Structures are given as C-alpha cells and as structure tokens.
Amino acid sequence: MAMTTGGRTRIFSGVQPTGHLTLGNYLGAVRRWAEEDQHRADALFCVVNLHALTVEHDPARVRRLSRQAATLLLASGLDPEVCTVFMQSQVDEHLRLSYLMECTASDGEMRRMIQYKEKAAAQRAKGGVRLSLLTYPALMAADILAYGTHEVPVGEDQRQHVELTRDLAVRFNQRYGATFVVPRTTLPAVAARVMDLQEPTSKMGKSRARTAGVVYLLDEPEVVRKKVLRAVTDAEPEVAYDPEQRPGVANLLNVLAACTGGDPRRLAEGYDSYGALKKDVAEAVVETLRPVRERHAELAADPASVDAVLRRGAERARALARPRVDAAFEAVGLLPAG
Ligand code: AMP
Ligand code: TRP
C-alpha cells in the first residue's frame, strides 16, 4: 500500500502507566529504545494509558503516573527531536482500529493469553474481571498495526501478545486485502526478563503488592542498595550462573551484566561470595539509574514542556496512523466519513 515509511524501519513500543517504572522496564525495554532503536529507525514510543483502565484504577493516580511515565521516557534519553513520544489516549486511531481487531480475533485466542490468565485470576479475587482485560491484546495489536510497524522492542513477557498481533495482521490481510505490515518482536540480549529480587521466579513488575523485591527507577540510591543487598539467593556455597536451579543468583548476574555490559556466566567466575556480588550489583544499578533520576528531576520541574512534547507527538502519530486506519475501515466495508 502507499503508506510506507520511506524505506526506513518503523518501530513501535509502549509502557503502561499502572505503577512506577521499574528496573525491569528499563533494562528490558526503555534503555534499548533510547540507546539504539530511536537512532536506527523511525520510532514511536507510547504511554499506553488506555491499557491502564483494564484493571481497577484510581483516575488521579493514572493521570499522575501517565505524566510520570512520559517524563521518565524523556529522562531515559528518548529525544523528541529524533523519535515520537506520545500518549495513547490522545490519538483516536488506536480505539478505532482496536474495534476492527476485536472483529478479527476470536475469543479463544484472547483467553489463551498468559497475561490475561494471570491478571484475571488476581482481579476475580478482587471482585470482577473487566471485559477490556480480555480484549486488551486487540488494542495492543491496533497500537502496533496502525503505524505499519516492522519491529516491536519489548521484554520477554510481551512476546505472546506480539505473536497474536502478527496472526491478526495476516488474517486481516487475507480477508480484506493487504493493509498491515506483519511486525516482529525484538528482545534485548540480556535482561529480557528481570525477576523480582525477593521472589526470583516471578517477573519484576510495577504493580506487585510487595515492593521489597522491585527496584523503581526513582528509588533513592540508599533504597536501591537495601533492596539489592536483601535479594534472595540460595544456600549453595559458590556463585554460579544457573537460571533454572538458582534463579536468584542468575537474576543478580543478569542485572549486573545488563548494567556493565558483561556476560552473566563469565561474571559469575569473578565472585566467591554473594556479599561481594550484591555489593557490585547495587553499585552498578545505582550508577545506571543515576542519570535517569537526575534528568527526571529537571524535567519534572517543568511539566508544561513535557505536555508540549506529548502534544506534538500525538499530532505526528495521528497523521501517521490516520490513512492506514481509514484504509482498514474501508477494507472491511465501512463507508468512508469524508
Ligand atoms: P509494562 O510494565 O508491562 O507496561 O511493560 C513495558 C515494557 O517493559 C514491556 O516491553 C515489557 O516487556 C518490559 N518489561 C516489563 N517488566 C519487565 C521485566 N521484569 N523484565 C524485562 N522487561 C520487562
Ligand atoms: N502490553 C504491553 C505491556 O504490558 C504494553 C503495550 C501496549 C505495548 N501496547 C503496546 C507494547 C504496543 C508494545 C507495543 O508491557
């Protein structure tokens, strides 16, 4: 179709404002967006605030976290002169296309999503599962497909959603004619899945109830140190990299590798005590997060300029998404508006 990216790779990714951003978000996704993706492609990065409404939420908190997430994306080095940073709810095309994705997907496909099963179980206990939690991957597919995205840089936990997005793109194209680019997942080399420091068999997630094992990007250095030094390891005497049998130590080695650029297996050879390893991990994390915290403090002092970046981002995103979403509406048999 005519709506190409002028030969450049198009990248799209997003982060939900459901909690404070974590070290997992940073090492698994955001750092790569800033250091690599924005420079090698035409990239869009989105605070996916509509997704935050799929679980029980407080409006004031979502508002606050949305702006904070956008500010942290900029503080992490996303440069609005180089890439597009915007807020999902400010571009209507996502919701328009999401409905067409719901008309393309089957309910069985949605129910198979691991994240749905996990979150639905938690929500059911709290009194009810929102329908939007089930249809969430249709909105995520719309986010991606609206832009003719080639690559979706995410952490491991999102791979299944991107696979579903691919299936929906292929199905739509077969039924209604070539409309969407079929995107692919790109994962980071290390730290695709940073684990909770207290519960190293679970992902470090921003909406976990127990926060002792979660390092937030805005944690004070002293808090980071304390969390790392208290990380759960195991009773084996020597330090070795074995993610299956010894997830706690492996997680620390992965984090160290991601922060210092080394290889987790090799790094293990340099330690003969957990104490020494934890100390180095703590310092590596503190140093990795330092520039982000400092830049965040500067940007947060001027929220109007963050809002202005988001407004410009939404304008550009809208202009990019509109023709493809219009084409998809026509392709399924809807009469054009104008
Ligand atoms: P979310 O917090 O679910 O909105 O995730 C935003 C991005 O961060 C996605 O690309 C996730 O895959 C990634 N991410 C979230 N948590 C982790 C984690 N613990 N380890 C690695 N990547 C993560
Ligand atoms: N589902 C993603 C997450 O929980 C967030 C997200 C929404 C996303 N839309 C996206 C990520 C599109 C990449 C591309 O992390």
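Residues numbered from 1 in each chain as written. Chains lettered and ligands numbered in written order. Predicted model: local features only at pLDDT ≥ 70, side-chain atom pairs only at ≥ 80, totals over all residues. Heavy atoms only, no water.

A. Inspection of the overall build of the protein at higher detail. What the protein contains, in helices and strands, is 12 helices and five strands. Taken against the 2.2 N^0.38 rule, which gives 20 Å for 338 residues, the C-alpha radius of gyration of the protein at 21 Å falls within 12% of a compact globule. Reported as C-alpha extents along the three principal axes, the dimensions of the protein are approximately 70 × 45 × 40 Å. When burial is assessed residue by residue, the protein has 51% of its 338 residues classed as buried. Of the contacts formed within the protein by residues at least 6 apart in sequence, a portion of 77% connects residues at least 24 apart. (Helix = DSSP H or I, 4+ residues; strand = E, 2+ residues; numbered from the N terminus. Rg over C-alpha atoms; globule rule 2.2 N^0.38 Å. Buried < 20%, exposed > 50% of the residue type's maximum accessible area, 1.4 Å probe, protein only. Contact = heavy atoms within 4.5 Å.)

B. Molecular detail of the packing of helix H1 (residues 23–40) against helix H9 (residues 247–260). Closest axis-to-axis distance for the H1/H9 pair is 11 Å, and the angle between their directions is 45°. If you check the angle between H1 and H9, you find them oblique. Along this stretch, H1 crosses H9, giving a crossing that reads as left-handed. Listed contacts from H9 to Leu23, Leu27 and Arg31 of H1 are Val255, Ala258 and Cys259. For the contact of H1 with H9, the residue count by class is five nonpolar, no polar and one charged. (Axes fitted to C-alpha atoms, helices over the stretch in contact; angles between N-to-C directions. Parallel < 35°, antiparallel > 145°, perpendicular 65-115°, else oblique. Left-handed = near helix turned anticlockwise from the far one by under 90°. Nonpolar A, V, L, I, M, F, W, Y, C, P; charged D, E, K, R; others polar.)

C. Representation of the site of ligand 1. Neighbouring residues of ligand 1: 18 residues in total, closest Gly155, Asp157, Val194, Met204 and Lys206. Here glycine 24 contributes a backbone N or O atom positioned 3.2 Å from a nitrogen atom of ligand 1. One of the backbone N or O atoms of methionine 204 is found 2.9 Å from a nitrogen atom in ligand 1. In terms of residue count, the dominant contributor to the shell around ligand 1 is H1 (four residues). Its residues assigned to classes, the shell around ligand 1 shows seven nonpolar, seven polar and four charged. Each of two domains, domain 1 (10–188 + 303–331) and domain 2 (191–301), supplies a minimum of three residues to the shell around ligand 1. (Near = heavy atom within 4 Å. Polar contact = N/O pair within 3.5 Å; in protein donor to acceptor, adjacent residues only side chain to side chain. Domains from an automatic or database assignment.)

D. Fine view of the nonpolar core. Core analysis: the largest hydrophobic core is formed by 60 residues, its most contacted members being Leu27, Leu277 and Val285. Among the elements that line this core, the one with the most residues is helix H11 (residues 274–300), at 10 residues. Core analysis: the next-biggest nonpolar cluster, separate from the first, contains 39 residues, Leu97, Ala120, Ala314 and Val325 among them. (Core = buried A, V, L, I, M, F, W, Y, C linked by side-chain atoms within 4.5 Å.)

E. Seen up close, the side chain of threonine 165. Looking at where threonine 165 falls in the secondary structure, it is placed in helix H7 (residues 159–176). Among the residues examined, threonine 165 registers a relative accessible area of 0% and is labelled buried. Other than its neighbours up to four places away in sequence, threonine 165 contacts Ala141, Ile144, Leu145 and Pro183.

F. Spotlight on the pairing of strand E1 (residues 10–15). The buried count for E1 comes to five of six residues, which makes it a mostly enclosed element. As paired elements, E1 and strand E2 (residues 42–47) share six bridges and run parallel to each other. Each bridged residue has a counterpart across the sheet, and for serine 13 the counterpart in E2 is phenylalanine 45. Handedness of the crossover joining E1 and E2 through H1: right-handed. (Pairing = 2+ DSSP bridges. Right-handed = clockwise from strand over helix to strand, strands pointing away.)

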